[in-house]
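# Structural characterization, general
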Amino acid sequence: MAFKRLHQLSSRVFTQLALVAFAGLLVYSNTLYSPFVFDDLPFILENKVVKDFTYFADPFSLKAAEGVIPEIRSTFFTRYVTYLTFAANRYMGGDNPFGYHMFNIVTHILSAWMLYWLARSITAIAMARSIDSFPLFCALIFVCHPLQTQAVTYIWQRNASLATFFYLLSFASYARFRSCDSSRRIFYMLALVSTVTAMHTKEMTFTLPVMILLFDLMFIKSGLKERVKVVSPFLILMSIIPAWLMLNPAGVAKAPGDVLTIYSSTDYSRGITAWNYFLTQLHVVTEYIGLLLVPVGQNLDHDHPVHNSCFESAPFLSSIFLVSLAVCAIYLYTRYKDEKGVWLLVSFGIAWFFITISVESSFVPIADVMHEHRVYLPSVGFIIAMVAILHTFKGERGVIVMSVAVLILALTAYDRNSVWASPVKLWTDAVSKSPKKARPRNNLAIAYERTGDYERAALQFTEAVRLDPDLARAHHNLANIRLKQGQLADAEKEYRIAVGLVPWIAVNYYGLGMVYEKMSRPDLAEKEYRITIEKEPSHTGAHFALGRIYLNSGNLVLAKSYFKIATGLRPDIGVNHLALGIVHLRSGELETAQRSFAKVLELEPDNETAKKELERIRR
């Protein structure tokens with residue numbers, strides 16, 4: 001009786017949507033102040049593209065911009081909408097993570113609402129009768145499933161959640177267009193606009209027109225002429241992502257014919273061939289399904305092996321399982337295509353999962369072979385299939401099972417979100433689950449370093465270097481720690497190793513310059529700082545350091561020159577103006593020195609050195 005009353009209470013659409021929103025807010029309520037981590041730093045906090053709206057007003061100006069990493073250049077046009085939302089977040093809330101998390105949570109809830117709308121539309125077409133609990137449980141399981149946490153709590157992975165929202169909005173609009181008689185043109189136009197928006201949010205939305213065509217073929221009885229008329233505009237829109245990659249308007253260097261490799265400006269695949277990647281993904285996709293069924297062992301940085309032969313047990317057995325699943329979907333469609341029932345929904349859900357996961361889990365090599373946020377969009381199909389199967393249970397058993405599942409998933413997701421409370425906690429979790437992978441240890445060490453725990457940081461950096469001697473960033477970070485600890489010989493050694501591994505990276509030469517300055521070897525330090533500027537002309541620290549060396553040696557002309565460059569590059573840093581003011585003061589340029597010290601106090605009102613120097617000038 002209790003379940004009947006609950007069912008009656010939740011039968012109204014508004015009540016169901018409110019319940020989904022409440023569940024989403026509750027599950028993610030402990031993440032609102034979780035700090036920026038991992039790729040949040042280079043792609044959000046240190047990304048000059050999202051610091052204002054300049055590049056969004058004139059996107060093609062990005063080609064001439066300095067200080068923009070290749071990954072941002074290569075994805076700016078296909079993720080324009082995502083970057084725009086980050087710029088809006090920065091404009092409204094600066095570097096406070098609250099606004100970013102709130103946006104992600106709202107996006108997640110809206111995606112769940114879109115799934116609810118899609119489920120209602122599709123059941124109206126595919127089912128002989130309406131089942132109120134079907135869209136409700138689809139949305140609840142989606143919003144509460146712990147595997148979604150990486151796409152929601154990890155701020156940068158808004159790429160996945162926002163793209164999924166537009167994907168579902170487009171698909172649900174098209175389904176509504178095909179299932180209603182009134183306002184059909186509005187829904188059709190909304191589907192087209194949402195498709196274009198989705199394809200400027202993340203590359204995985206490339207499959208959207210394929211899914212629309214499949215939906216039309218599976219559920220809509222239509223003549224060929226009409227089908228071509230309504231579906232062909234979506235198929236034409238598939239060219240958007242390949243077109244941007246081919247045009248390459250941001251000016252990223254690409255190898256000929258390398259259009260499909262989204263991140264081809266870097267060694268993004270790390271030598272993994274298309275065949276190796278495909279074999280590996282057979283096992284990875286099977287693991288994704290396992291995590292959807294039993295979300296235990298979630299990890300921000302999975303350490304998954306790359307498979308080299310189809311006769312290895314993992315890819316071989318996985319291929320049998322996945323092929324069986326695909327055959328099952330085909331059988332269910334052929335068996336029930338002329339009938340209305342849940343098994344047609346199961347077939348559709350399986351097809352959705354395979355098609356939507358194909359962009360990142362097929363033949364295009366990506367160095368990180370397994371990431372949980374990649375299942376965010378494919379999980380929609382999995383959930384539709386599972387909820388449809390559970391609706392075959394007689395009586396209230398299916399509703400009871402799904403209600404218990406939602407509760408367990410919600411509690412598990414809340415617990416998983418607690419891991420994101422601090423970088424130390426997050427990376428400790430990753431290290432415990434990927435103990436033989438160097439990157440989690442490197443990132444845990446960085447987290448320790450930022451708390452001032454240099455001893456633990458050094459231990460983790462050392463272990464990262466042992467696990468992967470070619471990981472240049474770990475050598476660089478270990479050198480930074482040794483420099484802070486005053487172990488200059490060790491710092492010099494690690495910087496030299498990093499230079500040997502990545503000779504084009506400027507920061508390692510800069511580190512060597514700092515080591516030699518502390519060794520009282522300004523001649524060697526000057527050489528390294530000059531190489532730094534040669535590799536990276538806009539490196540403010542190297543210009544400032546050269547100015548410092550020349551100031552200490554009494555060469556005020558060169559000191560002034562380099563401090564001016566540093567100030568021009570970073571006029572927002574008080575110490576640049578302070579150093580320039582000191583040079584002006586020693587050169588007898590009192591009025592200019594006074595302006596420099598006044599600028600320091602404008603940026604740093606409590607700067608005692610600037611106050612004292614101004615008082616000396618005025619006396």
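I will try to describe carefully the structure that is included in this document. Just so it is clear, the model here is predicted, and its values are computed rather than measured. (Residues numbered from 1 in each chain as written. Predicted model: local features only at pLDDT ≥ 70, side-chain atom pairs only at ≥ 80, totals over all residues. Heavy atoms only, no water.)

### Observations regarding the overall build of the protein chain
- If you tally the helices and strands in the protein chain, you get 31 helices and zero strands.
- Scaling as 2.2 N^0.38, a compact globule of 619 residues should have a C-alpha radius of gyration of about 25 Å, and the protein chain matches this with 28 Å.
- C-alpha extents for the protein chain along the principal axes are approximately 90 × 55 × 55 Å.
- Per-residue burial for the protein chain yields a buried fraction of 53% across its 619 residues.
- A sequence separation of at least 24 residues applies to 70% of the contacts in the protein chain between residues at least 6 apart.
- Accessible surface, the protein chain: about 27500 Å² in total, of which carbon and sulfur atoms supply 62%.
- Counting 61 positive and 51 negative side-chain charges, the protein chain places the centres of these two groups 7 Å from one another. (Helix = DSSP H or I, 4+ residues; strand = E, 2+ residues; numbered from the N terminus. Rg over C-alpha atoms; globule rule 2.2 N^0.38 Å. Buried < 20%, exposed > 50% of the residue type's maximum accessible area, 1.4 Å probe, protein only. Contact = heavy atoms within 4.5 Å. Areas by Shrake-Rupley, 256 points an atom, 1.4 Å probe, with all protein chains shown as cover. Lys, Arg positive; Asp, Glu negative; His and termini not counted. Charge placed at Lys NZ, Arg CZ, Asp CG, Glu CD.)

### A look at the pattern of salt bridges
- Taken as a whole and judged by the stated rule, the model has 24 salt bridges.
- Across the salt bridge formed by Asp216 and Arg178, the nearest N and O atoms sit 2.8 Å from each other. Of this pair, Asp216 sits in helix H12 (residues 208-219) while Arg178 sits in helix H10 (residues 158-179), and the two are 38 residues apart along the sequence.
- Judged by its relative accessible area of 12%, Arg178 is buried.
- Arg439 is the partner of Asp301 in a salt bridge, and the nearest nitrogen-oxygen pair spans 2.7 Å. (Salt bridge = Lys/Arg side-chain N within 4 Å of Asp/Glu carboxyl O.)

### Here we look at the packing of H10 against H12
- Two elements in contact, H10 and H12, have axes separated by 11 Å at closest approach and are oriented at 25°. The orientation of H10 relative to H12 falls into the category roughly parallel. As for the relative orientation of H10 and H12, their crossing is right-handed in sense. Contacts between H10 and H12 involve Tyr167, Ser170, Phe171, Tyr174, Ala175 and Arg178 on the former and, on the latter, Leu208, Met211, Ile212, Phe215 and Asp216.
- In the contact of H10 with H12, the residues fall into eight nonpolar, one polar and two charged. (Axes fitted to C-alpha atoms, helices over the stretch in contact; angles between N-to-C directions. Parallel < 35°, antiparallel > 145°, perpendicular 65-115°, else oblique. Left-handed = near helix turned anticlockwise from the far one by under 90°. Nonpolar A, V, L, I, M, F, W, Y, C, P; charged D, E, K, R; others polar.)

### Regarding a nonpolar patch on the surface
- A grouping of Phe53, Leu84, Tyr91 and Met92 is seen on the molecular surface, where their side chains present a nonpolar patch of about 470 Å² in accessible area.
- With respect to the element layout, Phe53 can be found in the loop between helix H3 (40-45) and helix H4 (54-57). (Patch = residues over 30% accessible without salt bridge, like charges linked within 9 Å, V, L, I, M, F, W, Y side chains within 5 Å.)

### A short note on the environment of Thr334
- Mapped onto the secondary structure, Thr334 falls in helix H16 (residues 313-336).
- Sequence-wise, Thr334 and Gly349 are 15 residues apart; in three dimensions their C-alpha atoms are separated by 15 Å.
- Here Tyr331 takes part through its backbone oxygen, which lies 2.9 Å from a polar atom of the side chain of Thr334. (Polar contact = N/O pair within 3.5 Å; in protein donor to acceptor, adjacent residues only side chain to side chain.)

### A few points about the side chain of Ser74
- Tracing the backbone shows Ser74 in helix H5 (residues 70-75).
- Assessed through its relative accessible area of 9%, Ser74 is described here as buried.
- Among the polar contacts made by the side chain of Ser74, one reaches the main-chain carbonyl oxygen of Glu71 at a distance of 3.1 Å.

### Description of the packing of aromatic side chains
- This structure, assessed with the given rule, holds 40 aromatic pairs.
- For the ring pair Phe278 and Phe363, a centre distance of 4.5 Å and an interplane angle of 5° mean the geometry is stacked. With Phe278 in helix H15 (residues 274-293) and Phe363 in the loop between helix H17 (342-357) and helix H18 (378-390), this residue pair connects regions lying 85 residues apart in the sequence.
- Judged by its relative accessible area of 44%, Phe363 is partly exposed.
- Ring geometry for Phe353 against Phe354: centres 5.8 Å apart, planes inclined by 75°, an arrangement best described as edge-to-face.
- Using a relative accessible area of 4% as the deciding quantity, one classes Phe353 as buried.
- Its end group placed over the ring of Phe393, Arg397 keeps NZ or CZ at 5.9 Å from the ring centre. (Phe/Tyr/Trp six-rings, centres within 6.5 Å; stacked < 30°, edge-to-face > 60°. Lys NZ or Arg CZ within 6 Å of the ring centre and 35° of its normal.)

### Overview of helix H2 (residues 13-27)
- Compared with the 21 Å implied by 1.5 Å per residue over 15 residues, the 21 Å span of H2 between its first and last C-alpha is a close match.
- Every buried residue of H2 is accounted for by Gln16, Val20, Ala21, Ala23, Gly24 and Val27. Buried residues in H2, looked at end-on, bunch into an arc of 160°, giving them a common side. Facing away from the buried side of H2 by over 90 degrees, the exposed positions are Phe14 and Phe22.
- Against helix H7 (97-126), helix H8 (133-144) and helix H19 (397-418) lie the buried residues of H2. (Expected span 1.5 Å × (residues − 1). Arc of directions from axis to C-beta.)

### Quick look at the environment of Leu407
- Along the chain, Leu407 falls in helix H19.
- Overall, the relative accessible area of 55% leaves Leu407 in the exposed class.

### Considerations on the packing of H17 against H18
- The interhelical angle for the contact between H17 and H18, taken along N-to-C directions, is 160°, at an axis separation of 7 Å. Overall, the two elements H17 and H18 adopt an arrangement that is roughly antiparallel. Crossing angle aside, the handedness with which H17 passes H18 is left-handed. Note on element contacts: H18 touches H17 through Pro378, Val380, Gly381, Phe382, Ile384, Ala385, Ala388 and Ile389, opposite Val342, Trp343, Leu345, Val346, Phe348, Gly349, Ile350, Trp352, Phe353, Thr356 and Ile357.
- Residues belonging to the contact of H17 with H18 are distributed by class as follows: 16 nonpolar, three polar and no charged.

### A short note on the side chain of Thr85
- Mapped onto the elements, Thr85 comes out in helix H6 (residues 80-93).
- Among the residues examined, Thr85 registers a relative accessible area of 12% and is labelled buried.
- Within the structure, the side chain of Thr85 is placed 2.6 Å from the backbone oxygen of Thr82, a separation counted as a polar contact.
- Those residues in contact with Thr85 that lie beyond four places of it in its chain are Phe103, Arg158 and Leu162.

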